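Listed below, chain by chain, are the residues.
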Amino acid sequence: MIKKVKWNGLSWEVLTFGEDRNMMRSCKSKETGSKLFGFFSLVCKLTNPGEWHNYFSTKGESPCQKHTIHMRMLLMSWRKRWKSDTSIKKCLKSLKIHREKQKYICIDIGGTAIKYGLADELGNFIEKSSMPTEAKLYGGPGIVEKVKTIISGYITNYQVAGVAISTAGMVDPKEGCIFYALPDAIPDYTGVQLKKIVETEFNLNCAVENDVNCAALGEMWLGAGKGCSSLFCITVGTSAGGCAVYNHQVIHGVCNSAGEIAYMRIPKGTMHEVVSTTRLVKDVAKAKQLDEKELNGKIIFDWAKNGDEDAKFAINTLMENLADGITNITSVLNPEMIILGGGIMAQSEYLRPLIDNALKQRLVEDVYTHTKVDFAKLENDAGMLGALYN
């Protein structure tokens, strides 16, 4: 029985022989280069436009060895496409092809806590948990041992397809290593080859990416930025972090430092100096002549909501400075969306009118109208889900 399906600009004709055997004939039209696609026992390779290739197998292997592609590898190479395109799910449903979803270990390494979980390829968590990083106590070597412990625990009980890691520090995503981490934040973490360690010890594919980049990818995939192909994610915490995503890909830059907005200069200083929870606490403590250790973001927002003028003024100033940074970003990148994340951004109801008003005063009307600004939605799962998408 032949079924016709259209997906991603390609026309597919599928000849089904039953639940366990499928043969697909495919024609690539109006495109160049090569693409890979497959269902269950099927492996297809498309090369030049108009060429037809038929490969048939019963256990995921093609008789033509040079065109053999194991389904696990194939699905990993295609997951970015079909996670963001629901048409592939409709295609699978129409063909009545069912398979068990691949499971991935997701790890988000922060300076305070390591969040981890087991998720399927669609971002559904089977289980998740966390443990203290104890970064200053055990440093980079301690983090490596914790990562090994997490992986060992999961592979004992589940069949795992790979490991996805989001981590603090500056990351070379190709090598999967930490090429710089602040010594006072995580000692002895610079130079740690996470990808190599995991792949060598566990024989599992491993992807490693910076935590802010992962948060941006997670929000684009399943959070506030769902449906957008371009966005810029800003996190406001102890400092200001950023990540640019275009065509569903992180812009890394020539030395993997694109999006490092902490160093961006705005009228009142750098983003690091004037756009952070640290600066908010400092300003309020100074105004009230208090020790900074007595304050945190939650206390300050509680005061502001109850009418405290010092707290309100400090928050307004922070949002004005943030708006200056966003204005620079939109001028250069013109993304579809700006996503705001980080601890204090959970106060979205209070902050939304402030940032909206500040941007309205700064942006060209057309840019203001077409640039959506929203707050992160995935909370503690953003890093893990972004690592999985990556």
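Residues numbered from 1 in each chain as written. Predicted model: local features only at pLDDT ≥ 70, side-chain atom pairs only at ≥ 80, totals over all residues. Heavy atoms only, no water.

Some points on the pattern of salt bridges
Keep this limit in mind: Each salt bridge in this description consists of a side-chain nitrogen of Lys or Arg and a carboxyl oxygen of Asp or Glu lying within 4 Å of one another. Numbering of helices and strands runs from the N terminus, with a helix taken as a DSSP run of H or I at least four residues long and a strand as a DSSP run of E at least two residues long. Note on classification: 1.4 Å probe, protein chains only; a residue is buried when its accessible area is under 20% of the maximum for its type, exposed when over 50%, partly exposed between these limits.
Under the definition given, this model contains 15 salt bridges. Taking the shortest distance from any N to any O, the salt bridge between aspartate 310 and lysine 288 comes out at 3.2 Å. With aspartate 310 in helix H9 (residues 309-333) and lysine 288 in helix H7 (residues 277-288), this residue pair connects regions lying 22 residues apart in the sequence. Here aspartate 310 falls in the partly exposed class, since its relative accessible area comes to 31%. For lysine 288, a relative accessible area of 26% translates into the label partly exposed.

Some details on the nonpolar core
Nonpolar side chains in soluble globular proteins tend to be buried together. Condition: The term nonpolar core refers to a set of buried residues drawn from Ala, Val, Leu, Ile, Met, Phe, Trp, Tyr and Cys, joined through side-chain atoms within 4.5 Å. Note on definitions: a residue-residue contact is assigned when non-hydrogen atoms from the two residues lie within 4.5 Å.
Ranked by size, the top nonpolar core spans 38 residues in total, and within it Ile234, Leu322, Leu340, Met345 and Ile355 carry the most contacts. Elements with a contribution of two residues or more to this core: strand E14 (230-236), strand E15 (240-246), helix H6 (271-274), H7, helix H8 (297-305), H9, strand E19 (337-341) and helix H10 (348-362). When residues of this core are assigned to their parent elements, the largest contribution, nine residues, is made by H9. With residues up to four places along the chain from it excluded, the contact list for isoleucine 234 reads Gly241, Gly242, Ile261, Leu322, Ile326, Ile329, Ile338, Ile339, Leu340 and Gly341.

Structural notes on the packing of H7 against H9
What describes two packed helices is the angle between their axes and the distance between those same axes. Our working definition: Axes here refer to lines fitted to C-alpha atoms; in helices the fit is confined to the stretch in contact. Angles between the N-to-C directions go from 0 to 180 degrees. Handedness of each helix crossing follows the sense of rotation of the near helix against the far helix: counterclockwise by less than a right angle gives left-handed, clockwise gives right-handed. The classification used treats Ala, Val, Leu, Ile, Met, Phe, Trp, Tyr, Cys and Pro as nonpolar, Asp, Glu, Lys and Arg as charged, and all other residues, Gly among them, as polar.
Where H7 contacts H9, the axes come no closer than 9 Å and their chain directions differ by 145°. In the packing of H7 onto H9, the handedness of the crossing is right-handed. For the pair formed by H7 and H9, the contact residues are Leu280, Asp283, Val284, Ala287 and Lys288 on the first element and Asp310, Ala311, Ala314 and Ile315 on the second. When grouped by side-chain class, the residues that make up the contact of H7 with H9 number six nonpolar, no polar and three charged.

Details of helix H3 (residues 135-157)
Spelled out, the test is: What a helix is expected to span follows from its residue count: subtract one and scale by 1.5 Å. At any given residue, the bend is defined as the angle formed between two axes, one fitted to the seven residues that end at that position and one fitted to the seven that begin there.
With 23 residues, H3 extends only 28 Å from end C-alpha to end C-alpha; this falls clearly short of the ideal 33 Å at 1.5 Å per step. At proline 141, H3 is bent by approximately 70°, the largest bend along its length. Of the residues making up H3, those classed as buried are Ala135, Gly139, Gly140, Gly142, Ile143, Val144, Lys146, Val147, Lys148, Ile150, Ile151 and Tyr154. Residues of H3 that are buried sit in contact with strand E7 (103-109), strand E8 (113-120), strand E9 (125-132), strand E10 (162-167) and helix H4 (194-202).

Let's talk about the sheet that holds strand E20 (residues 372-375)
This is how the line gets drawn: Following DSSP output, two strands are said to pair if at least two bridges run between them.
Spatially, E16-E15-E14-E19-E20 is the arrangement adopted by the five strands of the open sheet, whose pairing is mixed. This sheet does not close on itself; its edge strands, each paired only once, are strand E16 (249-250) and E20. Examined bridge by bridge, E14 and E19 share five bridges and lie parallel to one another. Note on E19: the bridge partner recorded for threonine 235 is glycine 341.

Considering the pairing of strand E12 (residues 177-180)
Relative to E12, strand E11 (residues 170-172) runs antiparallel, the two sharing three bridges. Within E12, the position partnered with valine 171 by the bridge is isoleucine 178. Following E11, the chain reverses through four residues before pairing antiparallel with E12; glycine 176 in that reversal takes a positive phi of roughly 70°.

Brief notes about the environment of glycine 383
Mapped onto the fold, glycine 383 is located in helix H12 (residues 382-389). Glycine 383 sits 267 residues away from tyrosine 116 along the chain, and the two C-alpha atoms are 9.6 Å apart. Ignoring any residue separated from it by four or fewer positions in sequence, one finds glycine 383 in contact with Asp108, Ser166, Cys214 and Ala215.

With respect to unusual backbone geometry
Of note in the backbone geometry, histidine 248 takes a positive phi value of approximately 65° without being a glycine. Within the secondary structure, histidine 248 sits in the loop between E15 and E16.

So, the environment of glycine 140
Counting through the fold element by element, glycine 140 comes out in helix H3. Not counting chain neighbours up to four residues away, the residues in contact with glycine 140 comprise Ile186, Pro187, Asp188 and Tyr189.

Side note on H4
Every α-helix carries 3.6 residues per turn, so stepping three or four residues along brings you back to the same face. Put simply, the test is: Starting at the helix axis, one direction is taken to each C-beta atom, and the arc is that of these directions.
Listed as buried for H4 are Leu194, Val198 and Phe202. Viewed along the axis of H4, the buried residues span an arc of 25°, placing them on a single side of the element. Opposite the buried face of H4, at more than 90 degrees from it, the exposed residues are Lys196 and Thr200. On its buried side, H4 packs onto E7, H3, E10, E12 and strand E13 (205-210). Once H4 finishes, asparagine 203 follows within two positions and takes phi at roughly 55°, a positive value.

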